[in-house]
Amino acid sequence: MKCFNHNTEDAVGICKACNKAVCMSCVTDTGYGLACCEECASEAKDVDAIIKKNKLLLGIGSDKKFMPTGLIMFFFFGILFTGFGLYLNLIKGRTDFFILLMGIGFLTIGGIGWYRNRKINLSC
Ligand SMILES: [Zn+2]
Ligand SMILES: [Zn+2]
């Protein structure tokens with residue numbers, strides 16, 4: 001394969017951003033791939049940043065999985081409502097089924113969410 005800009009020179013690689021073949025005199029090594037020009041180098045850098053962010057977001061390549069914020073909220077409200085429901089029941093002798101049901105509902109949905117997240121291995 002020949003260079004896109006110099007058709008007599010042999011290509012040494014492919015630009016990561018625009019996929020054009022580049023020769024030794026027009027290649028830029030960005031450290032995470034080859035680029036043909038400054039614009040492509042910054043484009044490749046942006047794409048690289050997106051990939052890194054996505055890896056973090058999806059918990060790829062890490063053993064420590066953070067519990068998603070949405071799930072934390074479900075468990076928080078679940079514990080809050082269940083606790084308050086039990087408090088009313090045990091301390092005040094008043095049974096409020098609505099509050100207890102809310103608590104159990106939140107905990108159940110949180111549990112389902114947790115199970116699904118573990119299954120697809122996501123941390124968001
Ligand atoms: Zn390029
Ligand atoms: Zn060239």
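Everything numeric here is computed off the predicted structure, so don't read it as measured data.

## Here we look at the environment of His6
Here's step 1: Relative to the assigned elements, His6 resides in the segment before β1 (13-14).
Here's step 2: What makes His6 partly exposed here is the crowd of 15 C-beta atoms within 10 Å.
Here's step 3: A sequence separation of 72 residues divides His6 from Gly78, and the C-alpha atoms of the two residues are 66 Å apart.

## Some words on helix α2 (residues 69-90)
In an α-helix, one full turn covers 3.6 residues, which means residues spaced three or four apart are oriented alike.
Here's step 1: Taking 1.5 Å per residue as the helical rise, α2 with its 22 residues ought to reach 32 Å, and the 31 Å between its terminal C-alpha atoms agrees with that figure.
Here's step 2: If you check which residues of α2 are buried, you get Phe74, Gly78, Phe81 and Gly85. Within α2, the buried residues cover an arc of 80° as seen down the axis, which keeps them to one side. For α2, exposure combined with an orientation more than 90 degrees from the buried face picks out Thr69, Ile72, Met73, Phe76, Gly83 and Leu90.
Here's step 3: Where α2 is buried, its residues meet α3 (97-120).

## Structural notes on the domain arrangement of the chain
Here's step 1: Domain parsing of the chain yields domain 1 (13-50) and domain 2 (69-120).
Here's step 2: The distance between the C-alpha centroids of domain 1 and domain 2 comes to 51 Å.

Definitions and cut-offs
- Residues numbered from 1 in each chain as written.
- Chains lettered and ligands numbered in written order.
- Predicted model: local features only at pLDDT ≥ 70, side-chain atom pairs only at ≥ 80, totals over all residues.
- Helix = DSSP H or I, 4+ residues; strand = E, 2+ residues; numbered from the N terminus.
- Buried ≥ 20, exposed ≤ 12 C-beta atoms within 10 Å, placed from the backbone.
- Expected span 1.5 Å × (residues − 1).
- Arc of directions from axis to C-beta.
- Contact = placed C-beta atoms within 7 Å.
- Domains from an automatic or database assignment.

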